Amino acid sequence: MKLTLRIWRQSGATGRLVEYVLDDLSPDMSFLEMLDVLNERLITEGQEPVAFDHDCREGICGMCGLMINGMAHGPEKATTACQLHLRHFRDGDVVTVEPWRAEPFPVVRDLVVDRSAFDRIVAAGGYVSVPAGSAPDAHATPVPKPDADTAFEAAACIGCGACVAACPNGSAMLFTAAKATHLGVLPQGQPERYSRARDMVAEHDASGFGGCTNTGECTSACPKGIPLTTIARLNADLLRAHTTRSDR
Amino acid sequence: MDTIGLYRTTVGKKVVMAVTGAGLLLYVVVHMLGNLTVFSGPDAINGYGHWLREIGAVWPTRVALLACVTLHFVAAYQLTAKARKARGRYEHRRRVQGSYAARTMRWGGVIIALFVVYHLLDLTVGWLNPNGIPGEIHANVVADFQHWYVVLAYAIAVLALGFHIRHGVWSAIQTLGVTTSRVIGLGVAVAICAGFLSVPFAVFTGLVS
Amino acid sequence: MYFTEGSPIADQRVPAGPIETRWDRRRFSARLVNPANRRNRSVIVVGTGLAGGSAAATLGELGYQVKSFCYQDSPRRAHSIAAQGGINAAKNYRNDGDSVHRLFYDTVKGGDFRSRESNVHRLAQVSVEIIDQCVAQGVPFAREYGGLLDTRSFGGAQVSRTFYARGQTGQQLLLGAYQALERQVAAGRVEMHPRTEMLDLIVVDGRARGIVVRDLVSGAVSTHFADAVVLATGGYGNVFHLSTNAKGCNATAIWRAHRRGALFANPCFTQIHPTCIPISGDHQSKLTLMSESLRNDGRVWVPRDRNDTRAPNDIPEADRDYFLERMYPAFGNLVPRDIASRAAKNISDEKRGVYLDFADAIARLGALAVEQRYGNLFEMYQRITGDDPYRTPMRIYPAVHYTMGGLWVDYDLRSTIPGLFVIGEANFSDHGANRLGASALMQGLADGYFVLPGVIGDYLADAPFGPVDDSHPMVADTVSEVRGRVKTLLAVDGDRTVESFHRELGRLMWDECGMERDEAGLRKALERIPELREEFWQRVKVPGTGERLNQELEKAGRVADFFELAELMCVDALHRRESCGGHFRSESQTEDGEALRDDANFSYVAAWEYTGVGRPPVLHKEELVFEHVTPSTRSYA
Ligand SMILES: Cc1cc2nc3c(=O)[nH]c(=O)nc-3n(C[C@H](O)[C@H](O)[C@H](O)COP(=O)(O)OP(=O)(O)OC[C@H]3O[C@@H](n4cnc5c(N)ncnc54)[C@H](O)[C@@H]3O)c2cc1C
Ligand code: HEM
Ligand code: SF4
Ligand code: FES
């Protein structure tokens, strides 16, 4: 099959869309394999290949992230760019590929962006303070299965940043809320629950992400289907953190 | 209670919007119910207006409303500014989910604000009213809605309000930390639109005169 | 002359005496660094997977000054994130007869008696603490309705000791370690360097004192110094080009350390997983694992006629060969990984693959029950292949999955270079010649949370080791070597892409040093690899410059190292004229084609010393002693 790609190329402060036509594509290729094919061609032609982030190519590491035809990770629901296959496109389609765009995600090169703001949000409080060796027996605290399941669903976040890329406010609230929910519903996460919400949101805001207006673009872009209910939970914890006596 | 600390966060600003929005919504609901007295004849609605003045409800309400609108607006403005800065600009962009209502909160809010100014000059102060005699609520209203363009403007504003409320109610509940179905917002919005629109259409079609 | 033999080596740090108390006694005899001094002791940890992430976090908690490195944009993305199945621990929560001793026994046996008893026993002991630690961190393991942890069974065990978090156990465990790591970053005790690749080890006066790195964004080559260096850089399965590993997995860190003097143990021990989604075309960039659990209900078959081109559903029963059931009536479709993989390879090829058929299971249990068991796997399969496994049988094929070999370490996880510690999949591990499912995660976390922090003090107690900086001649030499290599790679400006070389090398390794190896094939590979390596340095094309993000340059450096490692793997495979675990030499098999171990001649760890590119390495043997588990033959027919 044939596709016309319009790919964002950027090496300095600004960039532009450059058009490439690829014939002989197989519908069984993944989207990233198509970029591999393009890059092989560019290299043999003496041009620089398109830089894009990827690693596991299994939809779990969260490294890949492309805005494909204006949709984060492309048109398939609950699918990362690396798991997207060309059979979901039609022969002759024109496909625009852009990097994630948001103020706190500066473009490094071509389709590669810097998402270190996510690490800072986690560092601000997205953990349970438990030094190695200090833990009680794993069965000391049973966890009701529904809570464990809710925690797991939220913990499934891969930190890809699609939520930010899709958000009209450039908000990272879904990512932040996923972590706050994961730890906040488990008994192990209770002692730091409210300070965690407070500190993570503070870092979220300080990193330059916008505020959430509950438009829901994030969940529909999220490859792991993290629900908006996580944001409500985070809001509740944050309110509690600021309305009860501060623990610090 | 760390109000300032809370307000500094994006979530805190939204909380302010939610609370002030709820205040405004309460007013809107009461206002709409008041409007419906028009169907019981001139005396009912004129009497209702008179009664409000008599119990001294008008000025405290105005002060509260002004406070709400100001806070609501300032928070909205600050959040919008932050979002503008944060969000990326794409060459090719497609929205997947966001409802029309969610996307038009800001412009919808501005339309409502402009309408409120006109509305005050029309029915409160009377300058823009064809009848324009303070206290003669019924006559003023009837005089207004004889004109198709007044009805149209009013209808647009009410629909804008409906959209705003549809997303706003759900969003406010979410902001305050409770998750519910989006249907609640829709329900409230439809009820309010229906209530407000019934008056101009009744006048225009001659049901009320 | 492919190699020469040097003096034997031995693990000097393992205490003698009863195996049950060795770890306790070692911990007690290890010297400590007092808390005030820890602030002045620095450790470099390369890698942020389960091993490196947990180690850096724990050393930070103890108060050491830690610098942590990974090549991804965030430590959370290390390849451990992709592990699916679960993590073993001898908790015996099921009361089904599990114990530390049983986990120890299963692991030694599963490794086909090519691992150290002391190490494996310690691993089994520590496994219990890992689960406690992870639960306390908030790892959302699967639970039962009573709120207690659920477990399942895995290959090579008769008890249910595998803890899991749906099909994302590695992800959840890694996020636990990552969060602990970020906590230390916030506390200022760990300095994080993502998108930074280690390109060489700095050895000064016989001690590992630092690393040379390249900042992948700015391209700057710089040095980092510390009192000790820990490598936790994962496995080298990507030598084969196609594997279940992430694209960036590489051997550069351990290979460079090997070149600086660290011995490399059992490089030929690779694990090939039978159930992966097969190659769909030349564009294939990696292979995806389909959990072993599918073989509980799926039946494996191939068309009787190799050239049958009919769609699987059109092939009648009579024309199908359920070869595993035919060849291994006792275990049927559930034979161990190495056996199933080899059988599939012998009967088919990667173009056609073999079928994993659920039609019987669906008829017997109903589609709903099958969906409840395997729904997420079926979905993943469908996403990748576009086929619906509820209707057409899955097509699967074996793929490279894990490397048991790695840098040689002693009981304290010290390599042969003082001050260089190696943990996780990067060391030659506790898995012998074959790793049991769900044991890699266990080992990574055991090393990082407990073992390394428990013994590293014994080394650091001797610090400080004298100042080093960029002006030291050894440092300057190492840096200029690294710069020179980068420059050369860019300067060749040939006509072949890195990818094409990698593909060719991988193909060769898969054919000659894959599931089945023989002398002729290995000799052929050993002839071809040096040629290919020469060609690489003549013809490779790396566009762009070294002064900024250049992903081709990164790849080129990694593939260059794969060439050298591939050669060593083949030498190791050639020298080990026995079959054991994942290493199957066709010359050494029983009458019914099963692996035939040769304990009399090969009951040792082969630790290789580097002597120069293309020069014969030196073999050092570490004799294996079995006091608690008697080596026996495995049979599944
Ligand atoms: C698909 C799949 C499924 C698996 N499922 C299971 C399972 O169910 N149970 C189980 O027990 N095991 C499983 N395994 C095996 C297990 O996941 C790995 O063995 C284990 O996670 C390795 O952990 P690690 O910490 O040693 O290395 P990794 O997690 O691979 O981490 C390596 C780290 O080193 C860094 N690094 C590498 N090279 C450099 C360099 N040159 N410079 C700087 N940094 C570098 C990387 O950035 C990364 O942070 C699975 C493996 C695969 C591939
Ligand atoms: C009768 C008048 C109004 C009512 C009843 C009302 C109500 C609400 C409510 C309930 C919310 C939800 C708060 C939240 O999301 O937490 C909201 C949000 C908002 N309102 Fe209003 N509002 C009114 C007037 C206005 C006006 C005049 C403006 C314009 C300045 C405005 C702008 C906004 C904005 C920008 C938001 C947030 C956007 C979003 O959540 O998507 N509103 N409003
Ligand atoms: S919440 Fe979803 S979209 Fe956002 S980072 Fe996590 S997985 Fe990606
Ligand atoms: S490359 Fe790992 S999620 Fe796409």
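- Within an unreviewed UniProt entry, the label attached to chain B reads Succinate dehydrogenase / fumarate reductase cytochrome b subunit, and the organism entered is Saccharothrix carnea.

- Chain A carries the name Succinate dehydrogenase / fumarate reductase iron-sulfur subunit in an unreviewed UniProt entry, which gives Saccharothrix carnea as its organism.
- Word for word, the UniProt comment on chain A under Sequence similarities (unreviewed entry) is "Belongs to the succinate dehydrogenase/fumarate reductase iron-sulfur protein family."

1. What to know about the overall build of chain A
Then step 1. A tally of helices and strands in chain A yields 8 helices and 7 strands.
Then step 2. The principal-axis extent of the C-alpha atoms belonging to chain A is close to 65 × 35 × 35 Å.
Then step 3. In chain A, buried positions account for 67% of the 248 residues.
Then step 4. Once local pairs closer than 6 in sequence are excluded, the contacts in chain A between residues at least 24 apart make up 68%.
Then step 5. Of the roughly 7600 Å² of accessible surface on chain A, a fraction of 49% belongs to carbon and sulfur atoms.

2. Structural notes on the packing of helix α2 (residues 116-123) of chain A against helix α6 (residues 169-187) of chain C
Then step 1. At a closest axis distance of 8 Å, the pairing of α2(A) and α6(C) adopts a crossing angle of 85°. With respect to each other, α2(A) and α6(C) are oriented roughly perpendicular. Two secondary-structure elements touch here, α2(A) through Phe118(A), Asp119(A), Val122(A) and Ala123(A) and α6(C) through Tyr178(C), Gln179(C), Glu182(C) and Ala186(C).

3. So, the nonpolar core
Then step 1. Of all hydrophobic cores here, the largest spans 212 residues; its most connected members are Ile87(C), Phe141(C), Leu201(C), Leu231(C), Leu420(C), Ile456(C) and Met509(C).
Then step 2. Setting aside its immediate chain neighbours within four residues, Leu420(C) contacts Leu201(C), Ala208(C), Val229(C), Leu231(C), Ala257(C), Ala262(C), Leu413(C), Arg414(C) and Ser415(C).

4. Here's the deal with the coordination of the iron atom of ligand 2
Residues and elements named next belong to chain B.
Then step 1. For the iron atom of ligand 2, the full set of protein donor atoms is His72 (NE2) and His164 (NE2), at a range of 2.0 to 2.1 Å.
Then step 2. One can describe the site at the iron atom of ligand 2 as octahedral: its 6 donor atoms subtend angles covering 81 to 179° at the metal. Here His72, found in helix α4 (residues 58-86), pairs with His164, found in helix α8 (residues 148-175); they are 92 residues apart in sequence, far enough to count as distant.
Then step 3. On the accessibility criterion, His72 (17% relative accessible area) is buried.
Then step 4. By relative accessible area, His164 is classed as buried at 18%.

5. Considerations on the sheet that holds strand β7 (residues 190-193) of chain C
Residue and element names in this part refer to chain C.
Then step 1. Taken in spatial order, the 5 strands line up as β7-β3-β2-β11-β19 in an open sheet, and their pairing is parallel. Since the sheet does not close on itself, it has two edges, and those belong to β7 and β19 (420-422), each with one partner. Neighbour-to-neighbour, the strand axes of this sheet turn through a mean angle of 20°, independent of strand direction.
Then step 2. Strand direction decides the pairing type here: strand β2 (residues 42-46) and strand β3 (residues 65-69), joined by 5 bridges, are parallel. From the neighbouring strand, Val46 faces β3, where its bridge partner is Phe69.

6. Considering the interface of chain A and chain C
Then step 1. Tallying the contact residues gives 75 residues for chain A and 75 residues for chain C.
Then step 2. Here chain A meets chain C over a buried area of about 6100 Å², counting both sides, of which 54% is carbon and sulfur.
Then step 3. At the boundary of chain A with chain C, the tally comes to 5 salt bridges.
Then step 4. There are 41 residue pairs in polar contact (both at pLDDT 80 or more) connecting chain A and chain C.
Then step 5. Looking at the side of chain A that touches chain C, the elements that each hand over two or more residues are α1 (31-44), β6 (107-109), β7 (112-113), α2, α3 (145-155) and α5 (173-184) of chain A.
Then step 6. Its residues assigned to classes, the side of chain A that touches chain C comprises 40 nonpolar, 18 polar and 17 charged.

7. What about the interface of chain A and chain B?
Then step 1. On the side of chain B, 39 residues touch chain A, which itself brings 46 residues to the contact.
Then step 2. A buried area of about 3400 Å², summed over both sides, lies between chain A and chain B, and 56% of it is on carbon and sulfur atoms.
Then step 3. Across the chain A-chain B interface, the total number found is 0 salt bridges.
Then step 4. Linking chain A to chain B there are 19 residue pairs in polar contact (both at pLDDT 80 or more).
Then step 5. For the side of chain A that touches chain B, the elements supplying multiple residues, two or more each, are β5 (94-98), α4 (162-166), α6 (193-206), α7 (217-221) and α8 (229-243) of chain A.
Then step 6. The element contributing the most residues to the side of chain A that touches chain B is α8(A), with 9 residues.
Then step 7. Classifying every residue of the side of chain A that touches chain B gives 22 nonpolar, 19 polar and 5 charged.

Conventions we followed
Along each chain, the written sequence defines residue order, and numbers are assigned to residues from 1. Numbering of ligands from 1 and lettering of chains from A proceed in the order in which they are written. Only residues with pLDDT of at least 70 get local features here, since the model is predicted, and only at 80 or more are side-chain atom pairs given and counted; chain-wide, interface and lining totals rely on the full set of residues. Side-chain numbers here rest on the full set of heavy atoms in the structure, without hydrogens or water. UniProt positions are given in the numbering used here, feature names are shortened, and annotations may be inferred rather than shown by experiment. A run of DSSP states H or I qualifies as a helix once it reaches four residues; a run of E qualifies as a strand once it reaches two. Both are numbered from the N-terminal end. For the exposure calls, accessible area comes from a 1.4 Å probe over protein chains only, and a residue counts as buried if that area is under 20% of its type's maximum, exposed if over 50%, partly exposed in between. A contact between two residues is defined here by any heavy atoms of the two lying within 4.5 Å. All accessibility values rest on the Shrake-Rupley procedure with a 1.4 Å probe; residue burial counts only the protein chains present in the view. Here, axes are lines fitted to C-alpha atoms. For helices the fit covers the stretch in contact, and angles between N-to-C directions go from 0 to 180 degrees. With respect to orientation, any angle under 35 degrees is reported as roughly parallel, any angle over 145 as roughly antiparallel, any angle of 65 to 115 as roughly perpendicular, and every other angle as oblique. Put simply, a nonpolar core is a bunch of buried Ala, Val, Leu, Ile, Met, Phe, Trp, Tyr and Cys residues held in one set by side-chain atoms that sit within 4.5 Å of each other. A donor here means any N, O or S atom no more than 2.8 Å from the metal (3.2 Å for Na, K and Ca); water is not included, so a site may seem to lack partners. By the criteria applied here, four donors are tetrahedral when all angles lie between 85 and 135 degrees, four are square planar and six octahedral when opposite donors are over 155 degrees apart and every other angle lies between 65 and 115, and any other arrangement is irregular. Any two strands between which DSSP finds at least two bridges are classified as paired. Summed over both partners, the accessible surface that disappears when two parts come together, traced with a 1.4 Å probe, is what is meant by buried area. Salt bridge, as applied in this entry: a Lys or Arg side-chain nitrogen positioned within 4 Å of an Asp or Glu carboxyl oxygen. The definition of a polar contact used here is a pair of N or O atoms within 3.5 Å, where within protein one atom must be able to donate a hydrogen and the other to accept one, and adjacent residues in sequence count solely through side-chain atom pairs. Gly falls in the polar group here, along with every residue not listed as nonpolar (Ala, Val, Leu, Ile, Met, Phe, Trp, Tyr, Cys, Pro) or charged (Asp, Glu, Lys, Arg).

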